[in-house]
Amino acid sequence: MPAVVALDIVVTGIAKADYWREMFERYGASRGGQRFFLITDDSPARGKAGILGLVIGEIRAWEFGSPPCGWVFDIAVAPDLRLEGLGTALLDAIADRFRKAGVTKMRTMVSRDNHVLLSFLRSQGMMAGPYIQLEKDLDEDS
Amino acid sequence: MRLQQASRLAIYALLALAAEPDRQISAAEIATTYGASLNHLAKVMRDLGRAGLVESARGAGGGFRFSGNPKRTTLLDVIELFETLGGGTAGITRREVNTDAGLGLDVVLGEIDDIARSTLGSITIATMLKLIERQKRRRLPIIRPAGKPAAKSARTRKRT
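The rules behind each value
- Residues numbered from 1 in each chain as written.
- Chains lettered and ligands numbered in written order.
- Predicted model: local features only at pLDDT ≥ 70, side-chain atom pairs only at ≥ 80, totals over all residues.
- Pairing = 2+ DSSP bridges.
- Helix = DSSP H or I, 4+ residues; strand = E, 2+ residues; numbered from the N terminus.
- Contact = placed C-beta atoms within 7 Å.
- Nonpolar A, V, L, I, M, F, W, Y, C, P; charged D, E, K, R; others polar.
- Expected span 1.5 Å × (residues − 1).
- Buried ≥ 20, exposed ≤ 12 C-beta atoms within 10 Å, placed from the backbone.
- Arc of directions from axis to C-beta.

Q: I tried to follow the pairing of strand 2 (residues 53-60) of chain A on my own but got confused; where do I start?
A: The side chains of a regular strand alternate, residue by residue, between the two faces of the sheet. Residue and element names in this part refer to chain A. Where strand 1 (residues 35-40) and strand 2 come together, 6 bridges link them in antiparallel fashion. Bridge pairing links phenylalanine 37 to isoleucine 56 in strand 2. As paired elements, strand 2 and strand 3 (residues 69-77) share 8 bridges and run antiparallel to each other. What sits directly across from glycine 53, in strand 3, is valine 77.

What follows is the structure, given as structure tokens:
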């Protein structure tokens, strides 16, 4: 757990130990084959130890009117290990879990300003989906 | 959204060159493929050369070669050599944006611009080549053993 929190701090710059504790409890043991929390471990070949990358996802059905689909909530790779195929391996691994669980679509949401992640996901063949995400500032009058 | 011909030709040329890094391709070949004038294409190639994305090869049959990084060069990088996309105003004049309605329309069109920029800025030449390959695979004819009837399509099955 501390290694995951440490990797997240490097990637996002925000420490959120409580969030990760909850994620680990909810997703850690792959409950019912619908939730997945995968990590890439120590890599002696690269001379690295600890958690080098992670991906979290879940099969959800019918929210937003969507048929069953594999959602990728988070994917992260240590910055100094990027462009070495770890992200591709992680995404392939969770896609494989989704496929084995019987879903044929994988989906995620990414900040428009996160060019690195957006370009990575595009390079993996992900395209804009049929849903549009909307939001509203609640402290404003409508 | 609409791109100027120069932007489109530049993207086509880079894709052709990046798809076959070992082959030199002439401007005439690209111009013929896309029905563009050689003059226009030559100008586009000059601009791409200045940006360091292509280099011309000397000698007999000298053509062009891709000299950029296909994993780093995005469609937006290429387009912005030739035109300004939206630029936050989506063609709305300063006078218009000073009106309530103009400001409202500017917000809505700006939303579309942001999505377009983000899309074009996240798709690299390498990603485009993969996308084109996927499209080609989807268009491949269905090969089946002779003498066996074709499998019914999902749509046909639903109807029966």
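Q: Sorry, what's going on with the interface of chain B and chain A here?
A: Where interface size is given, it is often the accessible area lost as the parts come together that is meant. Each partner contributes residues to the interface: chain B has 11 residues there, and chain A has 8 residues. Looking at the side of chain B that touches chain A residue by residue, the classes come out as 2 nonpolar, 6 polar and 3 charged.

Q: Looking at this structure, how should I read helix 3 (residues 38-50) of chain B?
A: Helical geometry note: an α-helix holds 3.6 residues per turn, so side chains three or four residues apart project in the same direction. Residues and elements named next belong to chain B. The terminal C-alpha atoms of helix 3 lie 18 Å apart, and with 13 residues this matches the ideal 18 Å at 1.5 Å per residue to within 8%. Among the residues of helix 3, Leu41, Val44, Met45 and Leu48 are the ones counted as buried. Mapping the buried residues of helix 3 onto a view down its axis gives an arc of 100°, with all of them on the same face. Exposed side chains of helix 3 directed beyond 90 degrees from the buried face belong to Asn39 and Arg50. For helix 3, the elements touching its buried residues are helix 1 (5-19), helix 2 (27-34), strand 1 (54-56) and strand 2 (64-66).

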